[in-house]
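# Fold and contact review
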Amino acid sequence: MWRRMQAAAVKLLKTFGRSVRSLRKQRGMSQEALAEGCGLSRNYISDIERGVRNPGLLVLVAMAKALKVPLRELVEEIESRR
């Protein structure tokens, strides 16, 4: 059961990362620009987009603000795949 939960978590993070990358590119932003807007490093943004980082609520709020989208839009993709 634990392996299934881990596999599901990895899939969820990768889906979320693709969503962030898509939103960022739609807005013509570089990873550096998004990172600056969130007060994060470019490496942190890269990790999120690759699905290897699990951002907390405060990071999600900062990302939504920097991308100028409602928070729900950041998680919309993962909600639709559940």
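Scroll up to find the structure.
Residues numbered from 1 in each chain as written. Predicted model: local features only at pLDDT ≥ 70, side-chain atom pairs only at ≥ 80, totals over all residues. Heavy atoms only, no water.

We now examine the overall build of the protein chain. Scanning the protein chain for helices and strands turns up five helices and zero strands. Ordered by position from N to C terminus, the α and β elements of the protein chain give α-α-α-α-α. Here the protein chain has a C-alpha radius of gyration of 12 Å; the compact-globule value for 82 residues is 12 Å, and the two agree. Taking the principal axes of its C-alpha atoms as reference, the protein chain extends roughly 40 × 25 × 20 Å. Relative to its full complement of 82 residues, the protein chain shows a buried share of 37%. (Helix = DSSP H or I, 4+ residues; strand = E, 2+ residues; numbered from the N terminus. Rg over C-alpha atoms; globule rule 2.2 N^0.38 Å. Buried < 20%, exposed > 50% of the residue type's maximum accessible area, 1.4 Å probe, protein only.)

Okay, the packing of helix α2 (residues 31–38) against helix α3 (residues 42–50) next. Viewed as axis vectors pointing N to C, α2 and α3 meet at an angle of 110 degrees, and their least axial separation amounts to 8 Å. With respect to α3, the element α2 is oriented roughly perpendicular. Contacts between α2 and α3 involve Gln 31, Glu 32, Leu 34 and Ala 35 from the former and Arg 42, Ile 45, Ser 46 and Glu 49 from the latter. (Axes fitted to C-alpha atoms, helices over the stretch in contact; angles between N-to-C directions. Parallel < 35°, antiparallel > 145°, perpendicular 65-115°, else oblique. Contact = heavy atoms within 4.5 Å.)

Turning next to the pattern of salt bridges. For the structure on display, the rule yields six salt bridges. Arg 42 is the salt-bridge partner of Glu 32, the closest N and O atoms lying 3.8 Å from each other. Of this pair, Glu 32 sits in helix α2 while Arg 42 sits in helix α3, placing them 10 residues apart in sequence. The partner of Asp 47 in a salt bridge is Arg 50, with the nearest N and O atoms 2.3 Å apart. (Salt bridge = Lys/Arg side-chain N within 4 Å of Asp/Glu carboxyl O.)

Below, the discussion takes up α2. Along an α-helix, residues three or four apart share an orientation, since each turn contains 3.6 residues. Taken together, the buried positions of α2 are Gln 31, Leu 34, Ala 35 and Cys 38. Taken end-on, α2 shows its buried residues confined to a sector of 100 degrees, consistent with a single buried face. Positive backbone phi, approximately 75 degrees, marks Gly 39, located one or two places after α2. (Arc of directions from axis to C-beta.)

None of the figures reported here should be taken as evidence of function without further support.
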